[in-house]
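Here is what each chain is made of, one letter per residue.
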Amino acid sequence: MVVRGAVQGVGFRPFVYRLAKELTLRGWVVNSAQGVCIEVEAAPDRLAEFARRLPLEKPVRAIIQSCETSHLDPLGCDAFQIRESTDHGDKSALILPDIATCEDCLREVFDPRDRRFRYPFTNCTNCGPRFSIIETLPYDRANTAMKNFAMCADCAAEYRDPANRRFHAEPTACPRCGPQLQFWDSLGKVLACADAALRHAAEAIRTGKILALKGLGGFQLLVDARNAAAVQRLRDRKHRAEKPFAVMFPTPEQAGADCEISELEEGLLTSPEAPIVLLQRTQRTKGSPLLGGEGRVRAIPDAVAPGNPNLGAMLPYTPLHHLLLRELDFPVVATSGNLSDEPICIDEHEALARLGDIADGFLVHDRPIVRHVDDSIVRVIHEREMLLRRARGYAPLPITLRHPQPMVLALGAHLKNAVALSVERNVFVSQHIGDLATKQAHDAFTRSVADLPRLYETRPEVIAHDLNPDYLSTKHASQLPGRKAPVQHHWAHIASCMAENEVEPPLLGVAWDGTGYGVDGTIWGGEFFLVEENSCRRFAHLRTFGLPGGDTAVKEPRRSALGLLYEIFGDELWEQSDLLTSFSSAELRPLSRMLMRRINSPATSSAGRLFDGVAALARIRDRSTFEGQAAMELEFAIEPDTEESYTFSLGDGSPIVIDWEPALRALIEDRRRNMSAGRIAARFHNMLADVVVALAQRAAKAQVVLSGGCFQNRYLTERVIEQLRANGFQPFWQQRIPPNDGGIALGQVYLATSAMRELT
Ligand code: ZN
Ligand code: ZN
Ligand code: FE
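Reading the values: rules and limits
Residues numbered from 1 in each chain as written. Chains lettered and ligands numbered in written order. Predicted model: local features only at pLDDT ≥ 70, side-chain atom pairs only at ≥ 80, totals over all residues. Heavy atoms only, no water. Donors = N, O, S within 2.8 Å, 3.2 Å for Na, K, Ca; no water. Tetrahedral: all angles 85-135°; square planar, octahedral: opposite > 155°, others 65-115°. Helix = DSSP H or I, 4+ residues; strand = E, 2+ residues; numbered from the N terminus. Buried < 20%, exposed > 50% of the residue type's maximum accessible area, 1.4 Å probe, protein only. Axes fitted to C-alpha atoms, helices over the stretch in contact; angles between N-to-C directions. Parallel < 35°, antiparallel > 145°, perpendicular 65-115°, else oblique. Left-handed = near helix turned anticlockwise from the far one by under 90°. Contact = heavy atoms within 4.5 Å. Nonpolar A, V, L, I, M, F, W, Y, C, P; charged D, E, K, R; others polar. Salt bridge = Lys/Arg side-chain N within 4 Å of Asp/Glu carboxyl O. Domains from an automatic or database assignment. Buried area = accessible area lost by both parts, 1.4 Å probe. Polar contact = N/O pair within 3.5 Å; in protein donor to acceptor, adjacent residues only side chain to side chain. Pairing = 2+ DSSP bridges. Core = buried A, V, L, I, M, F, W, Y, C linked by side-chain atoms within 4.5 Å.

Peer 1: Help me get a handle on the coordination of the zinc ion (ligand 1), residues and values and all.
Peer 2: Distances from the zinc ion (ligand 1) to its protein donors, Cys102 (SG), Cys105 (SG), Cys124 (SG) and Cys127 (SG), fall at 2.3 to 2.4 Å. Metal-centred angles of 104 to 119° between the four donor atoms at the zinc ion (ligand 1) mark the site as tetrahedral. Summarised as a motif, the one-chain spacing of the donors to the zinc ion (ligand 1) is C-x2-C-x18-C-x2-C. Of this pair, Cys102 sits in the loop between strand 5 (80-82) and helix 3 (103-109) while Cys124 sits in the loop between helix 3 and helix 4 (153-160), placing them 22 residues apart in sequence. Residue Cys102 is classed as buried on the basis of its relative accessible area, which comes to 14%.

Written out as structure tokens, the structure reads:
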């Protein structure tokens, strides 16, 4: 019997052993590169019983994708045993993600009588590192970062005892035989070891210092989240002006003082994946500025997430984090150990060089991190989870397609990059890699591109990549062997959502985001696609406008506003001085010249830039310090329970042009009447939902697929879903794969060998 799926590193063999013993079967079980292979001998009724109970009673974390049974002549085994792994054959066993510390291990870590008391690397078959320590399949200690740690007699006995929770727990260790902590100063001098190192690190945080912690999948920077000055120091040193930081709370109760937590959200926080969950912060009540709700004391100052009604919260997910947070008993900022836009650091010596100017101290250890895995980020939209960053806890579990694919390697997008590899029906989407703007990010990308095919020992036949010839990923594609399959960015967004939800055409796809290379040389981002059985065409798009200064406009929403206004008013704009107040005359001169002569002002149909322009016109934000900031603030500003909506018009041509001019003219009137930004924001969002419904009616397809970064916007997404349903349509959106550019690679795989890849 060959069992395929996530069956290695979850206590599957011990489970099989116990079940076989119970049924007095003879034979053996072994980990193979395809999964788990079992041979049993017994009377037919007991074999049938074994086959029936196996999938029913499997370990909680195991995922069985298939169970193939074949009958052989009996060999005359005299017992049941677990055999050494074999590593021949195709590698298709699923690699498990890293799993948060289980209750049993946690109890041991805090039990003074246990031999693992206060040991930060405690784990068992139900929890601990997996993806971050695997070098190659099959999943055996010799193929992990634990290979250089020889087990002591006690650990070896547990490892060999089928009745033990650590039976074949590959990364198992104890204070006597496993990895150890060290505390370093910012120059790498060892100041303390083992438990003393942990206490040293806690003291550093307590006194407002910045700690670099070698965590599970990379370095994190930790600082006392209650200490506004310390948080500000971290911002200054990390060059991260306003982008929100995530916070790790010691307990769910402490998180509850600062955030509203629904049952679903609490379930996510305490899940084995243990992601960062975007939560709504509690409201400050009048008169008692520090009280949130019923006498709860808010601990987190505004500097952690300036002007943001949400907070990214997580709970400790390794014994090391549990020990540290128990010691501190207060929340800490826990952000990735990098300079802005660079990938997370995984090696302590590299960290010293890259983070030496940021951190005051380093808490490190000697268990190598094989590959970087960031903390995942999830939020709840329409009572379902939506992954915004997919990494620890989720990657590299595959998305399973309906039909097997030729082997495709997809290189993803330029921002929020992730790559993907298909092996038959499984698509393995890598962990979040990041923006391919820096040298470090490009190196991490190159490593990940080589990593997936190496792990699964495949030679991809097709390389899927973006259409944009200037992307680093596109250039990288040309250096790889295999047939190339360029895929348009927004079509990849829709295909990603189709693949995840197993939706088949016909359907209408709505792809709204910031930027993507269009087939006509303009920048796309407000797109509708009509997807039929074997074809896809651009059905509609937002009216285009010029972006003065091109990419610079991403950082300056006021430039998008200027482009929109110029599209409406032409040269008459320069007389309407009340609309130009966010520019000095010296700033305006070159920008007006660009727009009038149509130089360095690429045309775009981007919904993201439309959001930016509206945010600037609503006087919410003229300049952004991080991607998506203006659009986020426009969402946060929405006045609740406003049902009013701006109007728009639809053209008669093909593709249909969605004209936002009536909306913008009304918005300008609202601005002149000093209407609140909140009401303007509501009217604008409501109009966008109306646009989707109107186009769905024109397309007359029951299924509507939503993707692209704009659908991270909770208000927009929920309103679109509700209105589509109210009008008889069936909406689909992304949950396990991000709707942002982190989902592009899956869409590229899906389309790479499809007849509908090229837009018609
Ligand atoms: Zn455990
Ligand atoms: Zn040991
Ligand atoms: Fe995109």
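Structure's up, so let's keep going.
Peer 1: Let's hear about the packing of helix 17 (residues 607-617) against helix 20 (residues 677-699): which residues, and what values?
Peer 2: One way to put it is that helix 17 packs onto helix 20 with a least axis distance of 11 Å and a crossing angle of 155°. On the basis of their axis angle, the class for helix 17 and helix 20 is roughly antiparallel. Between helix 17 and helix 20 the crossing geometry is right-handed. Packed against helix 17, whose contacting residues are Leu610, Phe611 and Val614, the element helix 20 presents Phe684, His685 and Leu688 at the interface. For the contact of helix 17 with helix 20, a count of residues per class yields five nonpolar, one polar and no charged.

Peer 1: Go over the packing of helix 15 (residues 557-569) against helix 19 (residues 661-672), please, and point to the residues and values.
Peer 2: In contact at an axis separation of 11 Å, helix 15 and helix 19 are set at 105° when each is read in the N-to-C sense. The pairing of helix 15 with helix 19 is recorded here as roughly perpendicular in orientation. In this structure, helix 15 contributes Leu564, Leu565, Ile568 and Phe569 to the contact, and helix 19 contributes Glu661, Leu664, Arg665 and Ile668. Tallied by class, the residues present in the contact of helix 15 with helix 19 amount to six nonpolar, no polar and two charged.

Peer 1: Any details on the coordination of the iron ion (ligand 3)? Residues and values, ideally.
Peer 2: Taken together, the protein donors to the iron ion (ligand 3) comprise His489 (NE2), His493 (NE2), Asp513 (OD) and Asp741 (OD), at separations of 2.0 to 2.2 Å. Around the iron ion (ligand 3) sit four donor atoms; with metal-centred angles ranging over 89 to 168°, the donor geometry is irregular.

Peer 1: How would you explain the pattern of salt bridges if you had to name every residue and give the values?
Peer 2: Two side chains with opposite charge may pair up if their charged atoms get near one another. In this structure the tally under the stated criterion is 56 salt bridges. Between Glu170 and Arg13 there is a salt bridge; the shortest N-O distance is 3.2 Å. Here Arg13 lies in helix 1 (residues 12-22) and Glu170 lies in the loop between helix 4 and strand 6 (181-185), a separation of 157 residues in the sequence. Each member of the pair, Glu170 as well as Arg13, is classed as buried. Note that Asp451 is salt-bridged to Arg371, the shortest N-O span being 2.6 Å. Taken together, the residues span a long stretch of sequence, with Asp451 in helix 11 (residues 439-455) and Arg371 in the loop between strand 18 (361-365) and strand 19 (377-381) at a distance of 80 residues. Note on Asp451: relative accessible area 13%, which makes it buried. The buried category is assigned to Arg371, whose relative accessible area is 4%. Each of Glu22, Glu49, Arg52, Arg53 and Glu57 takes part in salt bridges that share partners, so that together they form one network.

Peer 1: Can you explain the environment of Pro250? Please cite residues and give values.
Peer 2: Within the secondary structure, Pro250 is located in the loop between strand 10 (246-248) and helix 7 (252-258). For the pair Pro250 and Pro331, spaced 81 residues apart in sequence, the C-alpha separation works out to 6.1 Å. Ignoring anything within four residues of it in the chain, the contact list for Pro250 reads Pro316, Leu325, Asp329, Phe330 and Pro331.

Peer 1: Can you break down the domain arrangement of the chain residue by residue, with the values?
Peer 2: If you check the domain split of the chain, you get domain 1 (2-82), domain 2 (181-365), domain 3 (391-503 + 742-757) and domain 4 (509-735). Summing both sides of the interface, domain 3 and domain 4 together bury roughly 1,900 Å²; the carbon and sulfur share of this comes to 65%. The tally of links between domain 3 and domain 4 comes to one salt bridge. Between Glu627 and Lys416 there is a salt bridge, with its nearest N and O atoms 2.9 Å apart. Between the two partners, domain 3 and domain 4, sit 10 residue pairs in polar contact (both at pLDDT 80 or more). Considering only residue class, the side of domain 3 that touches domain 4 consists of 10 nonpolar, seven polar and three charged.

Peer 1: Mind laying out the sheet that holds strand 3 (residues 35-41), listing which residues take part and the relevant values?
Peer 2: Reading across from one edge, 4-1-3-2-5 is the order of the five strands in this open sheet, with mixed pairing throughout. What marks the edges here is a single partner per strand, and that holds for strand 4 (63-68) and strand 5. Pairs of neighbouring strands in the sheet enclose a mean axial angle of 20°, with direction left out of account. Together, strand 1 (2-6), strand 2 (26-32), strand 3, strand 4 and strand 5 form the strand contacts of helix 1, whose direction differs from that of strand 5 by roughly 175°.

Peer 1: Report on the side chain of Asn31, specifying residues and quantitative values.
Peer 2: Its place among the elements puts Asn31 in strand 2. Looking at Asn31, its side chain comes within polar contact range of the side chain of Arg13, at 3.4 Å.

Peer 1: Account for the nonpolar core, naming residues and giving values.
Peer 2: In this structure, Leu324, Trp512 and Phe528 are the most contacted members of the largest nonpolar core, which totals 109 residues. Counting residues per element, this core draws most heavily on helix 20, which supplies 13 residues. Looking at this core, you find at least three residues from each of domain 2 (181-365) and domain 4 (509-735). Discounting chain neighbours no more than four positions away, the residues touching Leu324 are Leu198, Ala201, Ala202, Ile205, Leu211, Leu213 and Leu222. Ranked by size, the runner-up nonpolar core spans 56 residues in total, among them Phe15, Tyr17, Leu19 and Leu94.

Peer 1: So, helix 17: which residues are in play, and what are the values?
Peer 2: Burial analysis of helix 17 places 11 of its 11 residues in the buried class, the great majority of the element. Inspection of helix 17 places Ala607, Gly608, Arg609, Leu610, Phe611, Asp612, Gly613, Val614, Ala615, Ala616 and Leu617 among the buried residues, and these make up the whole buried set. Phi turns positive one or two residues past the end of helix 17, at Arg619, with a value near 60°.

Peer 1: Describe in detail the sheet that holds strand 25 (residues 483-487), supporting the description with residues and values.
Peer 2: Strands sit in the order 21-23-22-24-25 across an open sheet of five strands; the sheet is mixed. Of all strands in the sheet, those with a lone pairing partner are strand 21 (399-405) and strand 25, marking the two edges. Direction aside, neighbouring strands of the sheet carry axes that sit 30° apart on average. Relative to strand 24 (residues 462-466), strand 22 (residues 408-410) is paired through three bridges, and the arrangement is parallel. Looking at the pairing, Leu409 lines up with Ile463 of strand 24. Contacts between helix 11 and the sheet are confined to strand 22 and strand 23 (420-429), with strand 23 contributing the most and set at about 155° to the helix. Against the sheet, helix 22 (residues 744-752) touches strand 21, strand 22, strand 23, strand 24 and strand 25, its axis set at about 145° to strand 23.

Peer 1: A description of the environment of Leu397 should follow, citing residues and the corresponding values.
Peer 2: Within the element layout of this structure, Leu397 appears in the loop between strand 20 (384-389) and strand 21. For the pair Leu397 and Cys67, spaced 330 residues apart in the sequence, the C-alpha separation amounts to 18 Å. Setting aside chain neighbours within four positions, we find Leu397 in contact with Ala6, Ile63, Ile95, Leu96, Pro97 and Arg390.

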